[in-house]
Amino acid sequence: MRGPVVVVGMHRSGTSLVSRILDDCGVMMGRDLQDDHESLFFIALNEWIYENAGASWERPIALFELTNQPIVMSAIEEYVRKRLSSRSSRAYSGRVMKKGIFDMDGTWGWKDPRNGPTLPLWRAIWPDMKIIHVIRHGVDVAASLKTRNSNHWEGDVSRFKKWLPTYSWRSSKSPIMRGQRSSTLEGGLSFWSEQIEMETDILSSIEDKHVVRYEELLSSPREVISGILEYLSIDVTEEQLLAIEAGINPSRAFAFRNDPELVEFAGNNSKTLEKHGY
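The following refers to the structure shown. As the structure is a computational prediction, the values presented were derived from the model and not from experiment. Think of each chain on its own: its residues are numbered from 1, step by step along the sequence as written. Thresholds applied to this predicted model are a pLDDT of at least 70 for local features of residues and 80 or more for the giving and counting of side-chain atom pairs; totals over whole chains, interfaces and linings are not thresholded and use all residues. As a rule here, side-chain values cover all heavy atoms of the structure and leave hydrogens and water aside.

1. Describing helix α12 (residues 260-268)
Buried residues of α12: L262, F265 and A266, and no others. The buried residues of α12 occupy one face: seen down the axis, they fall within an arc of 100°. Counted as exposed and oriented over 90 degrees from the buried face of α12: P260, E261, E264 and N268. Polar contacts here mean pairs of N or O atoms no more than 3.5 Å apart (in protein, one a potential hydrogen donor and the other a potential acceptor; neighbouring residues in sequence count only if both atoms are side-chain atoms). Strands are runs of DSSP state E lasting at least 2 residues, helices are runs of H or I lasting at least 4, and numbering of each runs from the N terminus. At the N-terminal end of α12, a side-chain oxygen is found 2.9 Å from the backbone nitrogen of E261, two or three residues along, and the residue is D259. Relative accessibility decides the category of a residue: with a 1.4 Å probe and only protein chains considered, values under 20% of the type maximum give buried, values over 50% give exposed, and everything between is partly exposed. Directions drawn from the helix axis to the C-beta atoms are what define this arc.

2. Quick notes on helix α10 (residues 221-232)
Given the number of residues in a helix, its expected span is that number minus one, multiplied by 1.5 Å. If you check α10, its first and last C-alpha atoms are 16 Å apart, about what 12 residues at 1.5 Å a residue would give, namely 16 Å. For α10, the set of buried residues is P221, V224, I225, I228, L229, Y231 and L232. The buried side chains of α10 occupy one side of the element, clustering within an arc of 160° when seen end-on. Opposite the buried face of α10, at more than 90 degrees from it, the exposed residues are E223 and E230. Just past α10, the residue S233 takes up positive phi, approximately 55°.

3. Focus: the nonpolar core
Most often, soluble globular proteins keep nonpolar side chains buried together rather than apart. Of all hydrophobic cores here, the largest spans 34 residues; its most connected members are L84 and W122. Elements supplying a minimum of two residues to this core: β1 (5-9), α2 (40-53), α3 (63-67), α4 (70-85), α6 (115-125) and α8 (185-203). The dominant element in this core, judged by the number of residues it contributes, is α2, at 6 residues. Any pair of residues with heavy atoms lying within 4.5 Å of one another is described as a contacting pair. Apart from the residues lying within four places of it in its own chain, the contact partners of L84 are F41, F42, L45, S89, K99, G100, I101, F102, W122, I125 and W126. Throughout this description, the term nonpolar core refers to a set of buried Ala, Val, Leu, Ile, Met, Phe, Trp, Tyr and Cys residues connected via side-chain atoms within 4.5 Å. V18, L22, M29 and L241 belong to the second-largest nonpolar core, a separate cluster that totals 25 residues.

4. Brief notes about unusual backbone geometry
Phi angles above zero are rare outside glycine, and H37 is one such case at about 70°. Relative to the helices and strands, H37 is located in the loop between α1 (15-24) and α2. With phi around 50°, F254 is a residue other than glycine that occupies positive phi space. Mapped onto the elements, F254 comes out in the loop between α11 (238-246) and α12. Since its relative accessible area comes to 22%, F254 is described here as partly exposed.

In structure tokens:
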């Protein structure tokens, strides 16, 4: 079995687009995909790893405390290996295999924004994995996070009010609002910078990786997709490439430039952006 193709990148950074491109090029990205092209099986494993570190999806920095504890990492790896080899892995693969995920053949992988902070664990299991690191401008990421969380807010409040009468006799374990940090541009940009720093630090010692800038993918799709395919040693037809290119919207590159408020915000946070190549 060859190692997996793991898509690494901050939330709202274009990892879903890259994952769909991989799928269209014959990389099996999972039979249990959400709308954002994330495998539910691997999401559950990453969430479990986060919980063991006391981290949350928008506060990943605590993962460093976990990955610097060899004894704990060894125990976590043992559990994850058991899950990967169990019958429950058929949710991802679509079939029951004797050794679960470890019996996967062909080119396969998964995408999850949590992959970056948890990468040390996954590389311990698959040292020969292929890594595609997707990076997008921080202001576009922050704006997208803010929009998504604003859309969720009404549902969060409605759910809270629905259950409020029962809280007089039962404690609540659910937050009123999910994603408080990224509900503002400032918080979203801070989150983006934190996770990009983690990903860069982890990847700095790994030679076998391929970096994709989201904006370059949109503006020069043929060139960037060809680079991905060369990295993975995958051949596709001209018809496949044309079909993929037709589904890419170049206007999404640097979308913040169309909003004066976001342009001003970018100017006020230029040092943070420059630190990560923008």
